[in-house]
Amino acid sequence: MSRLSIFLLTFCIAAAQSKRSEGHEVRKFPEGFLFGTATASYQVEGAWNIDGKSENIWDHLTHTKPCEILDCSNGDIADDSYHLYKRDVEMMRELGLDYYRFSLSWTRILPNSFPDVINQAGIDYYNNLINELLKHNIEPMITLYHWDLPQKLQTLGGWANPHIVNWFADFARVAFDHFGDRVKYWITINEPFQICNDGYGDTAKAPMVNMKGVAEYMCSKNLLMAHATAYHIYDKEYRDKWNGIVFIGYSAQWYEPESEEHEQAANDANDFMWAQYVHPIFSETGGYPQVMKERISAKSAQQGYPRSRLIDFTPEEIEFVKGSADAFGLNHYTTRMVYRNESADTMFDSPSFFDDISAVQYTLPEWQIGESQKVYSVPWGFYNLLTAIREKYGNPPIYITENGFATRPGLKDDHRVLYYREYLSAMLDAMEEGSDVRAYTAWSLLDNFEWKYGYTERFGLYEVDYNSPERTRTPRKSAYVYKEILRTRSLDHHYEPDMSAPLTIDEGH
């Protein structure tokens, strides 16, 4: 069969899989289902060296190698949410959010990286934000770490240094101490895969260590141990007082086999790309997926290493990490097709993470519904992922902690509206079949610094005018549509907002 024929067959299968989402009847969300939006500290706060904050790895990268960023930009000012947080909360009230997910800047709170000095100005900023949210009945959901490691700690090896387990635990305890009386939702770490693989095994994210096939696995184990340590600190010292929940925000895309022949390749891709971090916590056995251990060990031996490049857990560590989450935080954006053939063994750098998988990923052209080069619309992949989590990991409670679509500047973002509607519909399909999804978080509340894409890709429900000193925020069409979803607790594909009318705050918000 030709590759074109396989493409067409795969697309037909995908269309059949998604037929349950094609009906455009109004669909209700279950009672108690929660809706929110999300941001991250470096992407929105600005004030990079104000009020005692010190340098993090993104400050360092954007100042020393500015054009590693697509538009040579940085987050020095970003959306200036450090000064404009009240406008941000006003926008949340306009939307009618149940909660707001944001992250803490480690260097704003601990400018020396360690708790010997706690920066009161940083504590005050987050206290003010939390209190402003609660005043308007919006629950804060805090991410402790969203990629902005103190540069001082990176100089010491960052996530490749096992001492980071204690460094992160100290930071977590400071956060629990200062904010835990009012914050019930805690995400320890955002997107482990991107931290380790993009930042340590490659150059797609700061700190751009680029030690392929080695550093990402050092990072992986240390990160999981750091998460589990923070979880157990909360469990033992704070849970009885404040009864919050603690979990990771995983980045999990779906990897679909090109055909039945390539099912093992897709299974391997899913195990390497996201189950690497899920399996140690949510599986019955704990530890890394077996295929990872086997493939990396065999590859390492072939490459002349005296031991596997994957640093495995001890039996005690397996038990320590296993079960260390009260929910499954899921960041999901898109899907990839996967195949494996003889050429896959020679396509990638050796050693490297992708050589260890030896599977080829690609997207189909019909998945691109807008100009974004980052996100492709494949709602049936979202359904498949949620179903796989339910079936493989005992149907844990899932909080969708990120889902969204990038567009270019402009207020009429029909592609984002289409994306949200189709992904929410696919999520409802999975929920109707038993997936325990409890919340949905749109990424993002407003345009922000999109890492190495700078400001070229916009994810915001609100557009930000970066030419304005006030960083004026203006609601897009998607903001009106999201507000209506939250107001009615239903999904209506035919709703068309009147964008000539201002987006106002409903009573109760």
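No experiment lies behind these values; they were computed from the predicted model shown.

What counts, and at which threshold
Residues numbered from 1 in each chain as written. Predicted model: local features only at pLDDT ≥ 70, side-chain atom pairs only at ≥ 80, totals over all residues. Heavy atoms only, no water. Pairing = 2+ DSSP bridges. Helix = DSSP H or I, 4+ residues; strand = E, 2+ residues; numbered from the N terminus. Axes fitted to C-alpha atoms, helices over the stretch in contact; angles between N-to-C directions. Parallel < 35°, antiparallel > 145°, perpendicular 65-115°, else oblique. Left-handed = near helix turned anticlockwise from the far one by under 90°. Contact = heavy atoms within 4.5 Å. Nonpolar A, V, L, I, M, F, W, Y, C, P; charged D, E, K, R; others polar. Buried < 20%, exposed > 50% of the residue type's maximum accessible area, 1.4 Å probe, protein only. 1 Å grid on protein atoms, 1.4 Å probe; cavity = no way out; pocket = protein on both sides within 12 Å on 5 of 7 lines; lining within 4 Å. Points joined across faces, edges and corners; volume = space filled by probe spheres on them. UniProt positions renumbered as here; feature names shortened; annotations may be inferred. Phe/Tyr/Trp six-rings, centres within 6.5 Å; stacked < 30°, edge-to-face > 60°. Lys NZ or Arg CZ within 6 Å of the ring centre and 35° of its normal.

1. Here we look at the sheet that holds strand S4 (residues 139-145)
Thinking step 1. The strand order around the closed barrel built from eight strands is S2-S3-S4-S5-S6-S8-S11-S12, with neighbouring strands paired in parallel fashion. Strand after strand, the sheet turns through a mean of 25 degrees between neighbouring axes, direction not considered.
Thinking step 2. For strand S6 (residues 245-251) and strand S8 (residues 328-331), the ladder comprises three bridges, and the chain directions are parallel. Within S8, the position partnered with glycine 249 by the bridge is glycine 329.

2. Focus on the packing of helix H9 (residues 192-199) against helix H10 (residues 215-237)
Thinking step 1. At a minimum axis distance of 8 Å, the contact between H9 and H10 shows a crossing angle of 155 degrees. With respect to H10, the axis of H9 lies roughly antiparallel. Between H9 and H10 lies a crossing whose hand is right-handed. Where H9 abuts H10, its residues Pro192, Ile195, Cys196 and Asn197 lie against Glu216, Cys219, Ser220 and Leu223.
Thinking step 2. Split into classes, the residues belonging to the contact of H9 with H10 amount to five nonpolar, two polar and one charged.

3. Observations concerning unusual backbone geometry
With the exception of glycine, most residues fall at negative phi, and the peptide bonds are largely trans.
Thinking step 1. In this structure, the amide linkage connecting alanine 206 to the following residue, proline 207, adopts the cis form with an omega of 10 degrees.
Thinking step 2. Structurally, proline 207 is set in the loop between H9 and H10.
Thinking step 3. The linkage connecting serine 350 with the following residue, proline 351, adopts the cis geometry, with an omega of 0 degrees.
Thinking step 4. Mapping proline 351 onto the fold places it in the loop between strand S9 (335-339) and helix H15 (353-357).
Thinking step 5. The phi torsion at cysteine 72 lies on the positive side, around 60 degrees, for a residue other than glycine.
Thinking step 6. Within the element layout of this structure, cysteine 72 appears in the loop between helix H3 (57-64) and helix H4 (81-95).
Thinking step 7. Phi angles above zero are rare outside glycine, and tryptophan 147 is one such case at about 85 degrees.
Thinking step 8. Within the element layout of this structure, tryptophan 147 appears in the loop between S4 and helix H7 (151-155).

4. Comments concerning the pairing of S8
Thinking step 1. A two-sided burial pattern is seen for S8, the buried positions comprising Phe328 and Leu330 on one face and Gly329 and Asn331 on the other.
Thinking step 2. Here four bridges tie S8 to strand S11 (residues 398-403), and the two strands are oriented parallel to one another. Looking at S11, one finds that glycine 329 is bridged to tyrosine 399.

5. Side note on empty space enclosed by the protein
Thinking step 1. If you walk through the whole model with that rule in mind, you get four cavities of 30 Å³ or more.
Thinking step 2. Considered as a void within the structure, the largest cavity measures approximately 70 Å³ in volume.
Thinking step 3. If you trace the largest cavity, you find 14 residues lining it, with Val44, Tyr100, Phe102, Tyr125 and Leu129 closest to the centre.
Thinking step 4. Elements with a minimum of two residues in the lining of the largest cavity: helix H2 (41-44), H4, strand S3 (99-103) and helix H6 (120-135).
Thinking step 5. Residue composition of the lining of the largest cavity, grouped by class: eight nonpolar, four polar and two charged.
Thinking step 6. Its volume calculated, the second largest cavity comes out at about 60 Å³.

6. Considerations on the UniProt feature "active site" (unreviewed entry) in the protein
Thinking step 1. In the numbering used here, UniProt assigns the feature "active site" (unreviewed entry) to Glu402.
Thinking step 2. Locating glutamate 402 in the fold gives a position in strand S11.
Thinking step 3. For glutamate 402, the residues in contact, after removing those within four places along its chain, are Arg101, His146, Asn190, Glu191, Leu330, Asn331, His332, Tyr333, Thr441 and Trp443.

7. A closer look at the packing of aromatic side chains
Thinking step 1. Under the defined criterion, the tally for this structure stands at 52 aromatic pairs.
Thinking step 2. Judged by centre distance (6.3 Å) and plane angle (45 degrees), the rings of tyrosine 217 and phenylalanine 353 are tilted. With tyrosine 217 in helix H10 and phenylalanine 353 in helix H15, this pair connects stretches of sequence that are 136 residues apart.
Thinking step 3. With 4.4 Å between their ring centres and 45 degrees between their planes, tyrosine 455 and tyrosine 466 make a pair best called tilted. Taken together, the residues tyrosine 455 in the loop between strand S12 (437-443) and strand S13 (462-464) and tyrosine 466 in the loop between S13 and strand S14 (473-475) connect sequence positions eleven residues apart. In terms of burial, tyrosine 455 and tyrosine 466 fall into one category: buried.
Thinking step 4. Clustering of aromatic rings is evident, with ring pairs tying together Phe29, Phe33, Phe35, Phe382, Phe405, Tyr419, Tyr420, Tyr423, Tyr440 and Tyr482.
Thinking step 5. Above the ring of tyrosine 125, the side-chain terminus of arginine 108 is found at 6.0 Å from the ring centroid.
Thinking step 6. Over the ring of tyrosine 305 we find arginine 309, and its NZ or CZ is 5.6 Å from the ring centre.

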